[in-house]
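# Observations on the three-dimensional arrangement
For reference, the chains in residue letters:
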Amino acid sequence: MESVALFSRSTSAVPRLSFSNLRGRITFSSVPLRPSVSPAAGIRHRSPKIPLFQPLRTPRDTRFRTHTPAASSQDPPPQGQGAKAIPLLISVIIGVATRFLIPKPPEVTLQAWQLLSIFLSTIAGLILSPLPVGAWAFISLTTAVITKTLPFATAFSAFTNEVIWLIVISFFFARGFVKTGLGDRIATYFVKWLGKSTLGLSYGLTLSEALIAPAMPSTTARAGGVFLPIIKSLSLSAGSKPGEASKKKLGSYLVQSQFQSAGNSSALFLTAAAQNLLCLKLAEELGVVISNPWVSWFKAASLPAIVSLLATPLILFKLYPPEIKDTPDAPALAAKKLKSMGPVSKNEWIMIGTMLLAVSLWVVGDTIGVASVVAAMLGLSILLLLGVLDWNDCLTETSAWDTLAWFAVLVGMAGQLTNLGIVHWMSTCVAKFLQSFSLSWPAAFGALQASYFLLHYLFASQTGHVGALYSAFLAMHLASGVPGVLAALALAYNTNLFGALTHYSSGQAAVYFGAGYVDLPDIFKYGFIMAVVNAVIWSVTGAFWWKFLGLY
């Protein structure tokens, strides 16, 4: 998702951090501003190197190159290259082989088997990327219609799905946070309050993300539009530069800590990430209905997520320590930044009021009969009517419309696979296999959760992973005797936690890795270590907490 660039209102001097190698402490000096031009975004701003807390443009795809030279204004526009031959061939072969070479089980209809072959080809394309996700999903849907596997109305029925439209509107809310600067302001306050040490600085950033997460339901937007710009500004001012040995002074730790904490912030609230809503919709299609979903989600996630949020910065401080341990003047820097931003603007107040209204309706919506998507529509309408967002903001939020296209395809296919009996057949087969080992349901629960988590190494999208595997794994849980609500929520929480496994595992992963502060081996190493840490915390804490809540 792209974010809207915000500009510092200050036209004088900007405080700059310096440090002493002998004392390991940060001090400040004042550096006059000089006009400069951002080569990546082509945006003119005033800064010695980078404007303080300037939102960056976030990638629209998780598989982007980290350092791409800026295109010359004289260069012709890039031409479409079409599909990548080898990924296309592999994806098609998987579908064709399933349809014609693998014998159809007698209990499965020809229509169901044919749809499964198209679905597997679709998933292969999501992993191998012969084309952009939306384009490949559209081709898959076209194939289903042309081969008369699905009638046109059925194939496109998911485009009216309430959850998908709630996800689309959440992208517009995220743009509002970035455009108004509200997210930047909130995070800066936490730096002011907790930033006297590097560890405190990390806690301030982590807690501020947890605070704004329920009203800013895009992890990529939070990373690229709010937190990475703050981290990068502080790091550069401390002499911690990306791609150089100095990155270990401050930037590497702050980036790694924020990256690894983000998954727990997303898991804490139902509306903190788009994939959360999709999980509950798919669970509902399998008969697992969670009453009062916003409150139920938060109650079940609260204790393990909060413990993980508090543990992550400290654990990484020990395992991946920064060279600079104290930042006594960071609060003063944040205070000066807040002063330069001026008082809270009218649009920020509107954004605050609108999101409080939306979150309140999400919490009590079931009680008063207001659907979550209706609450989101009301919030977006207010932002449009009062000028916080304009329609062009919505039209240019291309990732929202792209998500609408390919989410609807995946949800529609997954729903039809359930209706045609494929999911039931697969889950029954897996359940029989697990029963051959005489596994109790807790053992089956652990094995299936671990498998679901580790399979994310094959995916470059959390939502793509959900669309491909969530329904099947939930059905396997149910067939193994795992309580439905426990299985549905645990899989959904896992979906957020594996977002920090690799540099391609999620949108925010690409944003943080692209900053150049963390080496690729460290991404994989600490991604796995923190995955184990989260698994232990959520398993141990969750086991007692979920028992107390009556989930099993």
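Residues numbered from 1 in each chain as written. Predicted model: local features only at pLDDT ≥ 70, side-chain atom pairs only at ≥ 80, totals over all residues. Heavy atoms only, no water.

### Looking at the overall build of the protein chain
Helix and strand counts for the protein chain stand at 22 helices and 4 strands. Looking at the protein chain alone, contacts between residues at least 24 apart form 77% of all its contacts between residues at least 6 apart. When the accessible surface of the protein chain is totalled, it reaches about 22,800 Å², and 66% of it is carbon and sulfur. (Helix = DSSP H or I, 4+ residues; strand = E, 2+ residues; numbered from the N terminus. Contact = heavy atoms within 4.5 Å. Areas by Shrake-Rupley, 256 points an atom, 1.4 Å probe, with all protein chains shown as cover.)

### Focus: the pattern of salt bridges
Under the definition given, this model contains 8 salt bridges. Here Arg-222 and Glu-209 are joined by a salt bridge, their closest N and O atoms 2.9 Å apart. Highlighted residues: Arg-222 in helix α8 (residues 219–237) and Glu-209 in helix α7 (residues 198–212), separated in sequence by 13 residues. As far as burial versus exposure is concerned, Arg-222 and Glu-209 are alike and both buried. Across the pair Asp-522 and Lys-248 runs a salt bridge, and its minimum N-O distance is 3.4 Å. Pair noted here: Asp-522 is in helix α22 (residues 520–549) and Lys-248 is in the loop between α8 and α9 (251–268), with a separation of 274 residues, a long-range link. The exposure class of Asp-522 is buried, given its relative accessible area of 16%. (Salt bridge = Lys/Arg side-chain N within 4 Å of Asp/Glu carboxyl O. Buried < 20%, exposed > 50% of the residue type's maximum accessible area, 1.4 Å probe, protein only.)

### Description of the environment of Gly-200
Tracing the chain through its elements places Gly-200 in helix α7. What makes Gly-200 buried here is its relative accessible area of 14%. The spacing of Gly-200 and Thr-327 is 127 residues in sequence and 8.9 Å in space, taken between C-alpha atoms.

### So, the packing of α7 against helix α11 (residues 293–319)
Direction vectors running N to C along α7 and α11 enclose 150 degrees, while the axes themselves pass 10 Å from each other. Relative to α11, the element α7 lies roughly antiparallel. Here α7 runs over α11; the crossing is right-handed. Contacts between α7 and α11 involve Thr-198, Leu-199, Ser-202, Tyr-203, Thr-206 and Ala-210 from the first element and Leu-309, Leu-310, Pro-313, Leu-314 and Phe-317 from the second. Across the contact of α7 with α11, the residue classes tally to 8 nonpolar, 3 polar and no charged. (Axes fitted to C-alpha atoms, helices over the stretch in contact; angles between N-to-C directions. Parallel < 35°, antiparallel > 145°, perpendicular 65-115°, else oblique. Left-handed = near helix turned anticlockwise from the far one by under 90°. Nonpolar A, V, L, I, M, F, W, Y, C, P; charged D, E, K, R; others polar.)

### Topic: the environment of Leu-455
Structurally, Leu-455 can be placed in the loop between α18 (441–454) and α19 (462–479). Through-space distance from the C-alpha of Leu-455 to that of His-465 is 8.6 Å; in sequence the pair is 10 residues apart. Among residues more than four places away in sequence, those in contact with Leu-455 are His-465, Leu-469 and Phe-473.

### A short note on the nonpolar core
In this structure, Trp-362, Tyr-470 and Tyr-493 are the most contacted members of the largest nonpolar core, which totals 156 residues. Looking at this core, the element that brings in the most residues is helix α5 (residues 162–180), giving 12 residues. Those residues in contact with Tyr-470 that lie beyond four places of it in its chain are Cys-279, Leu-282, Ala-283, Tyr-452, His-465, Ala-488, Leu-491 and Ala-492. (Core = buried A, V, L, I, M, F, W, Y, C linked by side-chain atoms within 4.5 Å.)

### A word on the side chain of Thr-188
You can see Thr-188 is positioned in helix α6 (residues 182–194). On the basis of relative accessible area, Thr-188 is assigned to the buried category, the value being 0%. One polar contact links the side chain of Thr-188 to the main-chain carbonyl oxygen of Asp-184, over a distance of 2.7 Å. (Polar contact = N/O pair within 3.5 Å; in protein donor to acceptor, adjacent residues only side chain to side chain.)

### A short note on the confidence of the model for the protein chain
Per-chain confidence: the protein chain averages 83 in pLDDT, with 86% of residues scoring 70 or above. A low-confidence stretch, residues 1–77 stays under pLDDT 50, and its non-local contacts, those more than four residues away or across chains, total 176 contacts. (pLDDT = per-residue confidence, 0-100.)

### Observations concerning α5
Taking 1.5 Å per residue as the helical rise, α5 with its 19 residues ought to reach 27 Å, and the 27 Å between its terminal C-alpha atoms agrees with that figure. Taken across its 19 residues, α5 has 16 buried, putting it largely inside the fold. Downstream of α5 by one or two residues, Gly-181 has phi in the positive range, about 85 degrees. (Expected span 1.5 Å × (residues − 1).)

### Details of the packing of aromatic side chains
Considering all chains together, one arrives at 24 aromatic pairs under this definition. Measuring from centroid to centroid gives 5.6 Å for Trp-545 and Phe-548, while their planes differ by 20 degrees, and the two rings are stacked. One end of the pair is Trp-545 and the other is Phe-548, both in helix α22 and 3 residues apart, which spans about a single turn. An aromatic cluster of three or more residues is present, and its members are Trp-297, Tyr-493, Trp-538 and Trp-546. For Arg-99, the ring lying beneath its charged end belongs to Phe-100, and the centroid distance is 4.7 Å. (Phe/Tyr/Trp six-rings, centres within 6.5 Å; stacked < 30°, edge-to-face > 60°. Lys NZ or Arg CZ within 6 Å of the ring centre and 35° of its normal.)

### Overview of the side chain of Ser-505
Here Ser-505 shows up in the loop between α20 (484–497) and α21 (507–514). Discounting chain neighbours no more than four positions away, the residues touching Ser-505 are His-456, Phe-459, Ala-460, Ser-461, Gln-462, Phe-498, Gly-499 and Ala-500.

### Let's talk about α9
If you check α9, its first and last C-alpha atoms are 26 Å apart, about what 18 residues at 1.5 Å a residue would give, namely 26 Å. Approximately 30 degrees is the largest bend angle found in α9, and it occurs at Ser-261. Most of α9 is tucked away: 18 of the 18 residues are buried. (Bend = angle between axes of the 7 residues up to and from the residue.)

### So, unusual backbone geometry
Leaving glycine out, the prevailing phi sign among residues is negative, and the prevailing peptide bond configuration is trans. The backbone phi angle of Ser-129 is positive, close to 60 degrees, even though this residue is not glycine. Within the secondary structure, Ser-129 sits in the loop between α2 (110–128) and α3 (133–146). When its relative accessible area of 9% is taken as the criterion, Ser-129 is described as buried.

### Quick look at the packing of α2 against α3
For the pair α2 and α3, interaxial distance at closest approach is 10 Å and the crossing angle is 170 degrees. In this view, α2 runs roughly antiparallel relative to α3, as classed from their interaxial angle. On α3, the residues that touch Ile-118, Ser-121, Thr-122, Gly-125 and Leu-126 of α2 are Val-133, Trp-136, Ser-140, Thr-143 and Ala-144. Among the residues making up the contact of α2 with α3, the classes are represented as 5 nonpolar, 5 polar and no charged.

### Quick word on a nonpolar patch on the surface
Taken together, Ile-86, Ile-90, Ile-94, Leu-120, Ile-127, Leu-128 and Leu-458 make up a surface patch of nonpolar side chains, about 560 Å² in accessible area. Among the secondary structure elements, those contributing two or more residues to the nonpolar patch are α1 (85–100) and α2. For Leu-458, the location among the structural elements is in the loop between α18 and α19. (Patch = residues over 30% accessible without salt bridge, like charges linked within 9 Å, V, L, I, M, F, W, Y side chains within 5 Å.)

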